[in-house]
Each structure stands twice: as C-alpha cells, then as structure tokens.
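# Residue-level structural notes
Each chain is listed here by its residues.
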Amino acid sequence: MTHRELRKKFEEFWKSKNHREVPPISLIPQDDSTTLFTGSGMQQLVVYLLGEPHPLGRRLYNIQPCFRSQDILEVGDNRHTTFFEMMGNWSLGDYFKKEQLNWFWDFLTKVLGFEKERLYVTIFEGDPENKLSHDFESKKIWKEIGVGNDHIFSYGPSKNWWSRAGEPAKMPEGEPGGPDSEVFYDFGVKRKIHERSPFRNLPCHPNCDCGRFLEIGNSVFMEYKKTKNGFEELPAKNVDFGGGLERILAALNDEPDIFLSDVYLPIIKALESITLTKYEEAENKQKLRIIADHLKATVFLIKAGIYPSNKERGYYLRRLLRRVAVKIYQLTAKTAEVKELLFVVEKILEIYKHLYFQDKDLTSIAEVIREEIHRFNKTLKKGMTLLLNLNNPAGKKIFDLYQSYGFPKELSEEILRERGLTFSQVEFDKEFEKHRQLSRKLSAGVFRGGLADHSEKTIKYHTATHLLHQALFDVLGESVRQEGSHITGERLRFDFFSLVKPDEEKIKKIEAIINEKIKKELPVYFVFLDREEAFRIGARALFREKYPERVKVYYIGPSLETAYSKEFCGGPHVQNTREIEPIKIFKWEKIGTNIYRIYAGNTKKLEE
Ligand code: SER
C-alpha cells in the first residue's frame, strides 16, 4: 500500500464516524512553552483535553508531522526516526474505551485488511504508587472484540501510560495523561535482542526489543491531570489516539524496515546514487538511514521557519545537517556537494507534494542548506586538521571533537588508525553516556509546565500577550508578524517581525497602551466563527499556521465589533484585563533581520 492510499483510508474512516479534521499545526508549537517542537498529534489539543471547548466539536482526527529531538541518537535501526507523521483521532469527552478500541480494530482488520492473528494488544496493569488501577475494562473490551488471551499483555506505567512527559512520576503539575492500550504487529521473525533491553532475559513478547513486534497504534485514555496531591480526574474522559504512519505502512507491507516504504525509498535511492553505495550492504545501511531521516527532518524544520543556530530549535537543525555532512563524508571520503544534496531534497518534496510542499519551496530550503553546508564543510576540514595533528588522542578529546565538530567516533578512529594511533573506547563511551543522560534530562526538563499548568500567572501572561500583539500593530504598523511566543509563570516572551524598527520611545508607548487596557478593566470573551469570517473581521492569526474551517477567536473588549484585540486562539484567558495587573517590558532586543524579542512581566524579574 502507498502512503497516499493509507492517508485516504484513514481520513475516510474517521469521517464516516462523524469526525472533523483539525489541520496539522507547525512543527513549532505556538503559545506553548512546554516543548520546543511538535512531537505528537495531541499537542494542539492540550487545552481542549483539559476542558476548553473545541470549535470543531468533540470528534476530531488528523495527520500531524512530528519531530522528536530526543531520538537523534536512536536513528539508524529499521524503525527509529526523528521525523514522522502521526495519524490521530480524538474524543473530547464524547466516546470512550469501548468505541475507540472497536473502531481502531475495525480500521485495522476491515479497512486495512490486517490478519487478526498478527495483531497483539497491551493494557495498563496499574501503578499502586500513584493509586492508579489496572485497566480491566480495556481487557474485557479486547476479549469481547475477539482478541485471544494469549494476544493480550499487561505492562506497568513505563509502557502503558502516556503523557507528554512520560510515566506518572515524571509528569509536572497540570499535565494531562492516562492509561493506554497499544496494538502491535507481529512480523513473525525474531531478531537480535538489544543488549541494553530491560526485557532481554524474558521470552519474546510485544514490548521485547528483538524486532519481532512493532507498535502501530496507541489509544490513550486521557482522563487524569497531575496535581500537587496526586491524580485528579479531568472535566471529561477523552480519547487521544496516535499511530505512526510510517510504522502502519511498514506493517501493512509486512516489511520491518520502514526505510523501504514509499515515504523513504526514493530518498534512499537518491542517496545511493549520489554516494555510489548500496543500501543492502550492511556497512552503509545505518549511515544511509541517518542521512535519509535527518535530511527529511531538516526540510520540514526549514519549512516551519527554523534557521540553523547555536540555540534551541536552530541548534537541532544545525546538528541534523552536520550529521548529514559527516555521514556523507564517511561514505564517500569527500565533503558533501550542495548540488547533490539538493537532488535528494527534491525527492523529499516530491514524496509530500501537495501535502506539505509546493515546488516553489525548493528555493528557500536550498538557500538554508547551501549556507550551512558551506560553512560546515570548512569546519569539517578544520576538525580533520586537528585530528591529523593530535599526538595523544584521549577518549575525552575524541568525544569533544564529536561534540563540537560533529565528528563521529568511527571517523576519528579511522583517521587515527591510518596514523598508527588509538584511543580509549571505554573513556569515549563514558563521556558519551554522560552526555546522553544529560540531554535526556534536558529534553525531560523542558516539561517544567507552561500553559499546560494553567496556573494563574501563565493565564494572565497569555492575555497580556494578546494585548502586546495588538499594541505592536498600533505602534509599529501593519508589517508586524508574530514569530513566536513563550510563556512561563515568571514572564512572557514575544518574538516578532517588523519592518519598522522599535526604539526606546516606541517600546514605552507599547507598554503604556498595554497598561491602559489593563486599567480599563476590559472583559475577555471568545466566539466560534467560520475561518473566513474570522479573517474578515481582522482577527490576528499566525502567519504560517493553517486553521480549521471553524475557529475559536478570543476578543478583548465588551463586543466583537468594538474589541481592542481579536485573535485566533485556543485559550485559556483571564475574564477581565484587570486580573493581569500592571505589566513592565523589562527587556527588548534584535534577534535577527527585522526580528525582535520582547520580555515582559509584572515584576522586573528577568528569567530568560
Ligand atoms: N499522544 C499519544 C502518542 O503520542 C497518542 O496520540 O502516542
């Protein structure tokens, strides 16, 4: 089956169950300080899962491009990638376990034609420490559906609980989560078990890492919110389903290597031709998979408006592109040619043509890749010179080279070997593990709770952000465009594009307008409107975002006609601007060509 056929079947199925499509959001989540990238389909639905009404109703579905930066080092086997598409459906307080499990099973067996015997299911066995009980209800439903006892497995919170932060113990206050039930496809062939697997001594089962099973869908029963005193029920029982499109495709084609499906194969073939290597040859496989994944992720990240840099999102983009360049160097012993990379990029755009890209996108994507690769090819040479002059190569030194120049161990090893030198692998691995844990911690640390915590402070700053957005238009004119917003309990941060340069005087004026609106004690309301109508009345929208047919618009002022600010937004917000209290802009700076950043809050406290 092709990816286009699969998409069509998925969409038709959920439409036939009265679901409406929510367009996918950008890979840069807006108004959400909890995470750097969109990593799951439910990301845009967090506020609705927590209880806000959704403009499209209570049954939704979509296919969402996702990027998971924490998986960079896992890429290289037959199933892990940093970029993937998540097929999702949601019930916002409408249907629950029974309908969800039955429908998903029907989709797999009746629509896609999976053999029942090849499917295994898992359920949550409870978490006594957090007073969360065994999900016997799902077990009963699976049995009624006809799944045999020997095809149902129970696991604890590390496997059958889902939240954006992971298992119950790792969740920050305010984060929604719940038990889940996964479906696995059995390829029927046992492969090598990963030596780090916690299950390596057990007989094979769905969560075993040997490669026999592949998870193809996860129904999360989002019914809890973490609070200071444990878990509290959400206002409604929700369903959050997600299944990786690439994985379902692999299972459908009974081919465990996802890189052989039509969302990767044209990329792999193009890479074979520019590197003059063969994918079947074991020594090339891992590198070609890394390049294919990273280049695809690169293309999507650039399209989302990210540029390579040394910070946050830009850093990940830089790291991906550098790994691409290094892997090409390893395969060909030559630095990457931009022209050849762009030949591969064209194939990527073709795969997703009319879905996410148009032909014209090639020019802007090419520009970013060209500049970064030129710059890195110079570094690559510098790193090589360093290596060639290193007389006492310690493991730590080789790791530093890996860290700062993107030089992989194998490459350093090879170059040193040619010079008759070696270094301590153990020392290198130790540094590597230290770093891996640190970056895992950092990724996890992103979940400090932002909007998801719905604390009074973040809600206040969210409404203040709307006032700031409009005040920027008042003072700087119509060229203003929101580039990003990040809110914590300490302050708000707002990035914007403007052709008119701000200066001290203008910033003071903007601050005065915001405070005037706060003092006026304006009420804050929302309405559901058709998208076109919302644009017509001048509601502020995000430049790169696609919106569903029906949208929620928050407005500040007694009526929609006279409102000071109107903005496409999910909420939540304060009820009256008086709750915000006086705001101070305590810092502003230029962060790019015509791009500026403002920090503001109730106090002068600077917490970037
Ligand atoms: N949010 C869940 C996941 O990402 C299901 O959509 O697996």
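Residues numbered from 1 in each chain as written. Predicted model: local features only at pLDDT ≥ 70, side-chain atom pairs only at ≥ 80, totals over all residues. Heavy atoms only, no water.

## As for the nonpolar core
Nonpolar side chains in soluble globular proteins generally cluster together in the buried interior. In plain terms, the rule: Within this scheme, the nonpolar core is defined by two criteria: the residues are buried Ala, Val, Leu, Ile, Met, Phe, Trp, Tyr or Cys, and they are joined through side-chain atoms within 4.5 Å. Only protein chains enter the accessibility calculation, which uses a 1.4 Å probe; a residue whose area is less than 20% of its type maximum is buried, one above 50% is exposed, and one in between is partly exposed. Numbered from the N terminus, helices here are DSSP runs of H or I no shorter than four residues, and strands are runs of E no shorter than two. For this analysis, residues touch if any pair of their heavy atoms sits within 4.5 Å.
Residues W142, I216, Y352 and I369 are the most contacted members of the largest nonpolar core, which totals 107 residues. When residues in this core are grouped by element, the largest group, ten residues, is from helix α8 (residues 312-332). W142 has contacts with L101, W105, V121, I123, V147, I152, S181 and V183, leaving out every residue within four places of it along the chain. Core analysis: the second largest hydrophobic core is formed by 33 residues, A464, L468, L492 and I518 among them.

## Section: the packing of aromatic side chains
Worth spelling out the cut-off: Aromatic rings from Phe, Tyr and Trp, taking only the six-membered ring of Trp, are treated as a pair when their centres fall within 6.5 Å; an angle between ring planes under 30 degrees marks them as stacked, one over 60 as edge-to-face, and anything in between as tilted. Working rule: Lys NZ or Arg CZ, within 6 Å of ring centre, within 35 degrees of ring normal, means a charge sits over the ring.
Inspection of the entire model under this criterion finds 37 aromatic pairs. Residues F37 and F67 carry aromatic rings whose centres are separated by 4.8 Å and whose planes lie at 75° to one another, so their mutual orientation is edge-to-face. One end of the pair, F37, is in the loop between β1 (20-21) and α2 (46-49); the other, F67, is in strand β2 (residues 59-67), and 30 residues separate them in sequence. Residue class for F67 comes out buried when judged on its relative accessible area of 2%. Feature note: the residues F10, F13, W14, Y61, Y95, W103 and F107 constitute an aromatic cluster, connected by ring pairs. The side chain of R481 reaches across the aromatic face of F497, ending 4.5 Å from its centre.

## Notes on the sheet that holds strand β13 (residues 550-556)
Defined as follows: Any two strands with at least two DSSP-identified bridges between them are counted as paired. For helices, the fitted axis covers only the stretch in contact; all axes are lines through C-alpha atoms, and the angles between them, taken along N-to-C directions, range from 0 to 180 degrees.
Ordered by their spatial adjacency, three strands build an open sheet running β12-β13-β14, and the pairing between neighbours is antiparallel. Whereas interior strands pair on both sides, the edge strands pair on one side only; in this sheet they are β12 (524-530) and β14 (565-568). On average, each strand axis in the sheet is tilted by 25° relative to the strand beside it, whichever way the strands run. Summarising the sheet, β13 and β14 pair through four bridges and their orientation is antiparallel. Residue pairing in the sheet places I556 in a bridge with S565 of β14.

## Structural notes on the packing of helix α6 (residues 265-275) against helix α9 (residues 338-351)
Under the convention used in this document: The labels follow the angle: roughly parallel below 35 degrees, roughly antiparallel above 145, roughly perpendicular from 65 to 115, and oblique for the rest. Throughout, a crossing is termed right-handed when the near helix is turned clockwise from the far one, and left-handed when it is turned anticlockwise from it by less than a right angle.
With their axes 9 Å apart at the nearest point, α6 and α9 run at an angle of 165° to one another. In terms of orientation, α6 and α9 fall into the roughly antiparallel class. Relative to α9, the crossing made by α6 is right-handed. Here α6 contributes P266, I267, A270, L271, S273 and I274 to the contact with α9, which in turn contributes E340, F343, V344, K347, I348 and I351.

## Regarding the sheet that holds strand β15 (residues 584-592)
Across the sheet, which stays open at both edges, the four strands sit in the order β10-β11-β16-β15 with antiparallel pairing between neighbours. The sheet terminates laterally at β10 (481-487) and β15, the two strands that pair on one side only. Adjacent strand axes in the sheet meet at a mean angle of 20° when their direction is disregarded. Relative to the sheet, helix α14 (residues 456-476) contacts β10, β11 (492-497) and β16 (595-601), its axis offset from that of β11 by approximately 30°.

## Some thoughts on the site of the ligand
This is how it is decided: Throughout, near means a residue has at least one heavy atom within 4 Å of the molecule or strand. As used in this structure description, the phrase polar contact means that two N or O atoms lie within 3.5 Å; if the pair is within protein, one of them must be able to donate a hydrogen and the other to accept it, and residues adjacent in sequence are counted only when both atoms belong to side chains. With residues, only the protein chains shown are counted as cover, and all accessible areas are computed by Shrake-Rupley using a 1.4 Å probe. Polar here means any residue outside two lists: the nonpolar Ala, Val, Leu, Ile, Met, Phe, Trp, Tyr, Cys and Pro, and the charged Asp, Glu, Lys and Arg; Gly therefore counts as polar.
The immediate surroundings of the ligand are formed by S40, M42, R68, M86, W162, N218, V220, D240, F241 and G242. W162 is positioned with one of its side-chain polar atoms (N or O) 3.5 Å from an oxygen atom of the ligand. A distance of 3.0 Å separates an oxygen atom of the ligand from a polar atom in the backbone of G242. Expressed as a share of its isolated accessible area of 230 Å², the protein-covered part of the ligand is 94%. Elements represented by at least two residues in the shell around the ligand include exactly β8 (213-227) and β9 (230-244). For the shell around the ligand, the element with the most residues is β9, which contributes three residues. Here the shell around the ligand is built from residues that sort into five nonpolar, three polar and two charged.

## Quick word on the pairing of strand β4 (residues 119-124)
Definition in use: By convention, a crossover is right-handed whenever its connection, traced from the first strand over the helix to the second and viewed with the strands pointing away, goes clockwise.
Taking burial as the measure, the six residues of β4 include six buried ones, the bulk of the element. The alternating pattern of β4 places L119, V121 and I123 and Y120, T122 and F124 on opposite faces, both of which are buried. In this sheet, strand β7 (residues 176-186) lies alongside β4 in antiparallel orientation, the contact comprising four bridges. Directly across from Y120, in β7, lies its bridge partner F184. Taken together, the four bridges between β4 and strand β5 (residues 152-155) define a ladder with parallel strand orientation. Counted as the bridge partner of F124 is Y155 from β5. Running through helix α4 (residues 136-145), the crossover from β4 to the neighbouring parallel element β5 is right-handed.

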